[in-house]
Amino acid sequence: MRDEPDTMDGSSGRTPVAVVTGGTAGVGRATVRALAARGYDVGVLARGVEGLAGTAREIEAAGQRGCTVPTDVADADAVEAAATQIEEELGPVDVWVNNAMTTVFAPLVEISAAEYERATRVTYLGTVWGTMAALRRMRPRDRGTIVQVGSALAYRSIPLQAPYCGAKHAIRGFTDSLRSELIHEGSQIHLTMVQLPALNTPQFDWCKAKLPRSPQPVPPIFEPEVAADAIVFAAEHRRRELFVGLPTWKSVLGQKVIPGVLDSYLAHAAWEGQQTDQPLDEERPSNLFEPVAGDHGAHGRFDARARGWSPALEATERRRWLTGAAVLGGLGWLALRARGRGS
């Protein structure tokens, strides 16, 4: 039994509205599907028009209203304009999910300043601009939830992804700072961050890469629906932070306990672990500066190796139920001991 939602107020009688940035592919696309299935009307920000069209059809097929806005989240004014359009078409935003990202798979010495800046603007500043747009609408109402899509790499960086790791670390620092500000205000707005493991998404076919071999997520790999389930759960429950999957827990704890050991271990394991046996296609498209044409869906090419569920996430989502069961079990054990002593 999953814990009941504790942040959504259905007393208004209206359909809740969610916004997902980068909502046309990978984790974003899976999250849009999950939100629509939960009864949300969904606004989607992304660059690719074909992906936006496909996402809009899926929202409508789920019986919900959609508002898809072509947007480069690196542009603060464009994000603000998209937020205005979504509220005009769908109504007040209840949940805002900052998910848009891009990266460069390469050693730092092979990344240009323009490439690094672009990855940072999309992944980090895109989250900042989205958060600011959401707050402008939520603060006057004193309600709403902002979900930052993070990563185990927000705690433990790996080689060949300096732009992405740096951005995710920055998002975590930004989020902690803002959370304290909201607490200082006495705000009822909920701010949470979901730290994800390696996922089977299309990013490994279109993110900029300068490697000998084709990039891949570091195993173990999870399907994007696992991430989407965690994001929707975070949107509806007042958890400060959510770690998804045992690998994420291990990364966070390992960084706290043995960071130096991980430095040396990942220098080799993560270097090879992020590359398949296939040579990199020199002609492969890159979405760093322009969207890649087509509707790419949620899944990448690693379905055969990806896990569709996470026991650690299941336990987290049922924390209250499990705690209650443990308490009842403990009381029962004490009662049996007391009875045994009395007899």
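The following paragraphs examine the structure supplied in this document. (Residues numbered from 1 in each chain as written. Predicted model: local features only at pLDDT ≥ 70, side-chain atom pairs only at ≥ 80, totals over all residues. Heavy atoms only, no water.)

**What about the overall build of the protein chain?**
Phase 1: Each helix and strand in the protein chain was counted, giving 11 helices and 13 strands.
Phase 2: Taking all 343 residues of the protein chain together, the buried fraction comes to 51%.
Phase 3: In the protein chain, once contacts between residues fewer than 6 apart in sequence are set aside, the share between residues at least 24 apart is 79%.
Phase 4: With the model as given, the accessible surface of the protein chain reaches about 15,400 Å², and the carbon-plus-sulfur share is 56%. (Helix = DSSP H or I, 4+ residues; strand = E, 2+ residues; numbered from the N terminus. Buried < 20%, exposed > 50% of the residue type's maximum accessible area, 1.4 Å probe, protein only. Contact = heavy atoms within 4.5 Å. Areas by Shrake-Rupley, 256 points an atom, 1.4 Å probe, with all protein chains shown as cover.)

**Some points on the pattern of salt bridges**
Phase 1: Taken as a whole and judged by the stated rule, the model has 19 salt bridges.
Phase 2: Several salt bridges converge on common partners, so that one network encompasses R29, R33, E58 and D295. (Salt bridge = Lys/Arg side-chain N within 4 Å of Asp/Glu carboxyl O.)

**Comments concerning the side chain of Q216**
Phase 1: Looking at the element boundaries, Q216 is found in the loop between β9 (213-215) and β10 (221-222).
Phase 2: The contacts of Q216, once residues within four sequence positions are left out, are F204, G273, Q274, Q275, T276, F302 and R305.

**A word on the packing of aromatic side chains**
Two aromatic rings are characterised by how far apart their centres lie and by the angle between their planes.
Phase 1: Applying the stated criterion across every chain yields a total of 5 aromatic pairs.
Phase 2: With centroids separated by 5.7 Å and ring planes inclined at 35 degrees, the aromatic side chains of F105 and F204 adopt a geometry described as tilted. Taken together, the residues F105 in strand β5 (residues 104-105) and F204 in helix α6 (residues 203-206) connect sequence positions 99 residues apart.
Phase 3: When the centroid spacing of 4.8 Å and the interplanar angle of 70 degrees are considered together, the rings of F243 and W249 count as edge-to-face. (Phe/Tyr/Trp six-rings, centres within 6.5 Å; stacked < 30°, edge-to-face > 60°.)

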